[in-house]
Amino acid sequence: MSETGIARRSSLHGQWSSRLAFVLAVTGSAVGLGNIWRFPYIAGENGGGAFVLVYLVCIVIVGLPIMMSEVLIGRRGRRNPVSTMTLLGKEESGTGSWGLVGALGLGSGFLILSFYSVIAGWAVAYVIESASNTFEGATAASVEQVFNSLASNPLRTGLWHTIFLAATAFVIARGVERGIERAVRVMMPALVVLLLVLLGYSAVEGNFAQGVRFLFEPRFEELTRDGMMEALGHAFFTLSVGMGAVMAYGAYLPSGTSIMKMSVAVVAADTAIALVAALIVFPIVFANGLAPDAGPGLVFQSLPLAFSQMPGGAIIATTLFVLLTFAAWTSAISLMEPATAWCIEKLGLTRALAATAVAGITWILGLLTVLSFSTLSGVTFLRGTFFDNIDFLSNSILLPFGGLAIVIFAGWIMARASTASELDPDAGTAYRVWRFTARYLTPLAVVAVLLRGVGLI
Ligand code: PHE
């Protein structure tokens, strides 16, 4: 196929109405529970400083180049991630086996969405808790109790999991361009404003100095092998890379836009929001004698404590959990899109049917997470509960492997002319920096962390 033939390949699922729409959609995908729920709690579990440093390094030398690779591959292939990788694999190297990378990504997507939807369900439940003034006069003990009684109730969390997943499938069924764009355009700025208000509160009322020290003073003795893998895995998770979500969105991106500029903008916004969230949480944690390593309940316990002490706390709390729900929703949509696109293209299903099928499988898988915090909380193996294992497998293993394959494909398998033409407006030095990083630094960093994780270095 000629160069122009490739450039003219068009998506089967429509295109973003504008460049901004794409940036908004990828930002909506990136910013979610990863920033506000997961980052603070795993930073807390892994001793802060050193973990945060490794995470930041991974964002720059691993996350960013892989995000660019995914967008360029997606836009060039213009199919679901499996077909795109198969197609480009054949074009660039004569073998369609690269499609396996896409297939692995679909699997990761199911696993991630299965627990994502349960945690997002907690956020929805907290909208109602906040609105009904549950947190008035809260103490460290009472917020813990509110959280535990929610998480340990499989019917309640199962119900919200169901509702959240149905809402996600609903947007997916209507098509990607509608819905997401509008939601992100309004919700994201609102979320940022509210986070800044909370940051102000935390700075004044929390133990800000101790929070800052905890997050930014590297104490390497506290960073375990698993902690390093989690930092790497979280860089993938928070940027939505390594499983094809960004690739699927790239497929709907009009040609001729600067992939580098867009990726840098998304990565910067995502990282800033995660750091602000952690800077809100830890000063509150330290001021109230909470444990930084409280685990998945950390945000759900620390923030309500702050709200209970603020004027208008119930309203602020309700708004925050509404915005968090929306942020999670736009991320969940991107988790569901690759498998849905595959079902439409490969099985010939309608969009609505494909979304229903994907949601159905995810729903069943999600029950494992629902039960991990309740009925089956005592069942542990390998890493811990079912949730702990699903989380570790998908984020610390599958995403890094998927990302590694993607960046090797973009850096080594694709011809220079192919990647250069996709990254076109970023010619010259920018292109060379990307290519060098994608070929050497990123794979080396990922391999080094994985080898260290299994104890080989
Ligand atoms: N990046 C999202 C978050 O931080 C989660 C996500 C992971 C979305 C992988 C899509 C793909 O919440």
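Coordinates for the structure precede this section.
All residue numbers here refer to positions counted from 1 along the written sequence of the relevant chain. In view of the model being predicted, local features appear only for residues whose pLDDT reaches at least 70, and side-chain atom pairs are presented and counted only at 80 or more, with totals across whole chains, interfaces and linings using the full set of residues. Note: side-chain values were computed over all heavy atoms of the structure, leaving out hydrogens and water.

**Comments concerning the overall build of the chain**
Inference 1: Each helix and strand in the chain was counted, giving 19 helices and 0 strands.
Inference 2: Over its C-alpha trace the chain gives a radius of gyration of 21 Å, about what one expects of a compact globule, namely 23 Å for 457 residues.
Inference 3: Once the C-alpha set of the chain is aligned to its principal axes, its extents read approximately 70 × 45 × 40 Å.
Inference 4: When burial is assessed residue by residue, the chain has 60% of its 457 residues classed as buried.
Inference 5: The contact definition used throughout considers only heavy atoms, calling two residues in contact when any of these lie within 4.5 Å. Taking as baseline every contact in the chain between residues at least 6 positions apart, the subset at least 24 positions apart corresponds to 82%.
Inference 6: To measure how exposed things are, a 1.4 Å probe is used in the Shrake-Rupley method; for residues, cover is taken only from the protein chains shown. As displayed, the chain has an accessible area near 16,300 Å², and 67% of this comes from carbon and sulfur atoms.
Inference 7: One way to put it: in the chain the 26 positive side-chain charges average out to a point 12 Å from where the 25 negative ones average out. Counting from the N terminus, the helices are DSSP H or I runs at least four residues long and the strands are E runs at least two residues long. For the radius of gyration, the atoms used are the C-alpha atoms, and the globule rule reads 2.2 Å times the number of residues raised to 0.38. Throughout, exposure labels follow a simple rule: accessible area from a 1.4 Å probe, protein chains only, divided by the maximum for the residue type, with under 20% read as buried, over 50% as exposed, and the rest as partly exposed. Positive charges come from Lys and Arg alone, negative charges from Asp and Glu alone, with His and the N- and C-terminal ends not counted. Charge positions are represented by NZ for Lys, CZ for Arg, CG for Asp and CD for Glu.

**A short note on helix H15 (residues 313–347)**
Inference 1: What a helix should span is 1.5 Å times the count of its residues minus one. Over its 35 residues, H15 extends 49 Å from the first C-alpha to the last, a length consistent with the 51 Å expected when each residue adds 1.5 Å.
Inference 2: To get the bend at a residue, fit one axis to the 7 residues ending there and another to the 7 starting there, then take the angle between the axes. Maximal helix bending in H15 amounts to about 35°, located at Glu337; proline Pro338 follows within four positions.
Inference 3: Buried residues dominate H15, accounting for 25 of its 35 residues.

**Description of the packing of aromatic side chains**
Inference 1: Each Phe, Tyr or Trp ring (for Trp, its six-membered ring) is paired with any other whose centre lies within 6.5 Å, and the angle between the two planes then decides the class: stacked below 30 degrees, edge-to-face above 60, tilted in between. Applying the stated criterion across every chain, the model contains 28 aromatic pairs.
Inference 2: Judged by centre distance (4.9 Å) and plane angle (40°), the rings of Phe214 and Phe282 are tilted. Here the residue Phe214 occupies a position in helix H10 (residues 208–216), and Phe282 occupies one in helix H13 (residues 259–287), the gap between them amounting to 68 residues. Phe282 carries the same exposure label as Phe214, and that label is buried.
Inference 3: Two conditions define a charge located above a ring, namely a distance within 6 Å from the ring centre to NZ of Lys or CZ of Arg, and an angle within 35 degrees of the ring normal. The ring of Phe237 carries Arg38 above its face, with NZ or CZ at 5.0 Å from the centroid.
Inference 4: The ring of Phe392 has Arg383 sitting right over it, with the charged end atom 3.7 Å from the ring centre.

**Details of the site of the ligand**
Inference 1: Nearness is defined per residue: one heavy atom within 4 Å of the molecule or strand is enough. Among the 15 residues in the neighbourhood of the ligand, the closest are listed as Ala30, Gly34, Tyr116, Phe237 and Ser240.
Inference 2: The definition of a polar contact used here is a pair of N or O atoms within 3.5 Å, where within protein one atom must be able to donate a hydrogen and the other to accept one, and adjacent residues in sequence count solely through side-chain atom pairs. In the environment of the ligand, an oxygen atom lies 2.9 Å from a nitrogen or oxygen atom belonging to the backbone of Ala30.
Inference 3: Between an oxygen atom of the ligand and a side-chain N or O atom of Tyr116, the distance comes to 2.5 Å.
Inference 4: In the complex, 100% of the free accessible area of the ligand, which totals 330 Å², lies under the protein chains.
Inference 5: Each residue belonging to the shell around the ligand can be placed in one class, and the counts come to 7 nonpolar, 8 polar and no charged. In the scheme used here, Gly and all other residues not listed as nonpolar or charged are polar, with Ala, Val, Leu, Ile, Met, Phe, Trp, Tyr, Cys and Pro taken as nonpolar and Asp, Glu, Lys and Arg as charged.

**Notes on the nonpolar core**
Inference 1: Membership of the largest hydrophobic core comes to 163 residues, with the highest contact counts inside it found for Ile73 and Trp122.
Inference 2: At 18 residues, H13 tops the list of elements feeding residues into this core.
Inference 3: If near-sequence neighbours (up to four positions away) are discounted, Trp122 is found in contact with Trp37, Phe147, Leu150, Ala151, Thr157, Pro296, Phe300 and Phe373. The criterion is simple. A nonpolar core is a set of buried Ala, Val, Leu, Ile, Met, Phe, Trp, Tyr and Cys residues joined through side-chain atoms within 4.5 Å.

**With respect to unusual backbone geometry**
Inference 1: For Ser240, which is not glycine, the phi torsion reads 65° and is therefore positive.
Inference 2: As for its position among the elements, Ser240 is in the loop between helix H11 (225–239) and helix H12 (245–250).
Inference 3: The phi torsion at Leu382 lies on the positive side, around 45°, for a residue other than glycine.
Inference 4: Along the chain, Leu382 turns up in the loop between helix H16 (351–372) and helix H17 (386–413).

**Some thoughts on the environment of Phe392**
Inference 1: Mapped onto the secondary structure, Phe392 falls in helix H17.
Inference 2: Classification of Phe392 by relative accessible area gives buried; the value is 8%.
Inference 3: Each C-alpha atom, one on Phe392 and one on Arg79, is 29 Å from the other, the two residues being 313 residues apart in sequence.
Inference 4: Apart from residues no more than four positions distant in its own chain, Phe392 is found in contact with Met229, Arg383 and Ile397.

**Some details on the side chain of Ser418**
Inference 1: Here Ser418 is to be found in helix H18 (residues 416–422).
Inference 2: Apart from residues no more than four positions distant in its own chain, Ser418 is found in contact with Arg76 and Glu92.

**A word on helix H14 (residues 298–309)**
Inference 1: Between its first and last C-alpha, H14 extends 18 Å over 12 residues, near the 16 Å set by a 1.5 Å rise per residue.
Inference 2: Taken across its 12 residues, H14 has 10 buried, putting it largely inside the fold.
Inference 3: Among all positions in H14, only Leu298, Val299, Phe300, Gln301, Ser302, Leu303, Pro304, Leu305, Ala306 and Phe307 are buried.

These values are about where atoms sit, not about what they do.
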